[in-house]
Amino acid sequence: MRHLVRTGVRAEWSNPGVQKMWDSWTLECDFNNQLDLYGLESLAARTWKESGACLVRFHVEPSMDVPLKLQLLEPDHIDMNKNDAVGTNGNFTFMGIEFDRFGRRVAYWLFPSHPGESLTMGMHGLVSQRVPADDVIHLYSIDRPGQVHGVPQLAVSIMKARDLDDYEEAELLRKKIEACLLNIT
């Protein structure tokens, strides 16, 4: 991951006041108050590589000098079972992403908490909420036109490992059968 993100995107502004605001914001931009901007960049890259995607959700915090907080979410937060036919406005939802009649993303249907977290499920349930696409960055590699979601980079390796495991099992079975046949003759 270091070769991808390194020390993070660093901005230098010619205006000292803007530079001071930027430096301050990079320290307090995390919605969960755990990481700075560069930690968020690194976490987003790791999540993208591992899960095939990462969501960055924008939150407005009026009390801040720069009223923007960034919340990183795993792609599991997308309600993949949300599929709706074309509505009166021409929008349709496919795998948790709402599109306009031209196929442009207009909203994401997100769970407020991770669906795999049993403790928080009781507080919020598994009811997804509509979040405008302008409030979300969906970070993933687009490998083909019309692709809706990302694919984990390890998916290909996992399939090859499974094939190798199947081959090894078949070879062991073949050797056992061969040994049985040798004992008969």
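Scroll up for the structure.
The rules behind each value
- Residues numbered from 1 in each chain as written.
- Predicted model: local features only at pLDDT ≥ 70, side-chain atom pairs only at ≥ 80, totals over all residues.
- Heavy atoms only, no water.
- Core = buried A, V, L, I, M, F, W, Y, C linked by side-chain atoms within 4.5 Å.
- Buried < 20%, exposed > 50% of the residue type's maximum accessible area, 1.4 Å probe, protein only.
- Helix = DSSP H or I, 4+ residues; strand = E, 2+ residues; numbered from the N terminus.
- Contact = heavy atoms within 4.5 Å.
- Salt bridge = Lys/Arg side-chain N within 4 Å of Asp/Glu carboxyl O.
- Pairing = 2+ DSSP bridges.
- Axes fitted to C-alpha atoms, helices over the stretch in contact; angles between N-to-C directions.
- Expected span 1.5 Å × (residues − 1).
- Arc of directions from axis to C-beta.
- Polar contact = N/O pair within 3.5 Å; in protein donor to acceptor, adjacent residues only side chain to side chain.

J.: Can you lay out the nonpolar core for me, pointing to particular residues and giving the numbers?
T.: With 12 residues, the main nonpolar core is built from W22, W25, C29, L37, Y38, L40, A44, C54, V56, M64, L70 and L72. Elements that contribute at least two residues to this core include exactly α2 (16-28), α3 (37-51), β1 (54-60) and β2 (68-73). Examining the composition of this core, we find that four residues originate from one element, α3, more than from any other. For L37, the contacting residues outside a window of four places in its chain are W22, W25, T26, C29 and L70. Membership of the second largest hydrophobic core comes to 11 residues, among which are L55, I97, V136 and V148.

J.: Can you tell me about the pattern of salt bridges, naming the residues and giving the values?
T.: Applying the stated criterion across every chain yields a total of five salt bridges. Put simply, D84 and K82 hold a salt bridge, and the shortest N to O gap is 3.8 Å. Overall, D84 belongs to the partly exposed group, its relative accessible area being 37%. E178 is the partner of R174 in a salt bridge, and the nearest nitrogen-oxygen pair spans 3.3 Å. Of this pair, R174 and E178 are both found in helix α5 (residues 155-184), four residues apart, which corresponds to roughly one turn of the helix. Look at E178 and you get partly exposed, because its relative accessible area is 34%.

J.: So, unusual backbone geometry: which residues are in play, and what are the values?
T.: Despite not being glycine, N33 shows a phi value in the positive range, around 55°. By the secondary structure assignment, N33 is in the loop between α2 and α3. The exposure class of N33 is exposed, given its relative accessible area of 61%. Even without a glycine there, the phi angle at M95 is positive, about 50°. Tracing the backbone through its elements, the reader meets M95 in the loop between β3 (92-94) and β4 (97-99). A residue is classified by how much of its surface remains accessible, and M95, at 27% relative accessible area, is partly exposed.

J.: Tell me about the pairing of β2, residues and numbers included.
T.: In terms of burial, β2 is a largely internal element, five of the six residues being buried. In this structure, β1 lies alongside β2, joined through six bridges in antiparallel fashion. In the strand pairing of β2, V60 is matched with L68.

J.: So what about the sheet that holds strand β5 (residues 105-110)? Which residues, and what values?
T.: Pairing within the open sheet is antiparallel, and its four strands lie in the order β3-β4-β5-β6. Both outer strands of the open sheet, β3 and β6 (129-132), are each paired with one neighbouring strand and no more. The average angle at which neighbouring strand axes cross in this sheet is 30°, direction not considered. Note: β5 against β6, four bridges, orientation antiparallel.

J.: I'd like to hear about α2, residue by residue, with values.
T.: With 13 residues, α2 should reach 18 Å at 1.5 Å per residue; the first-to-last C-alpha distance of 19 Å fits that figure. For α2, the full list of buried residues reads Q19, W22, W25 and T26. When α2 is viewed along its axis, its buried side chains cluster within an angular range of 130° and face the same direction. Along α2, the residues that are exposed and aim more than 90 degrees away from the buried face are P16, K20 and L27. In this structure, the buried side of α2 is in contact with α3 and β2. You can read the cap of α2 off the contacts: a side-chain oxygen lies 2.8 Å from the backbone nitrogen of G17, and it is on N15.

By themselves, these figures tell us nothing about what the structure is for.
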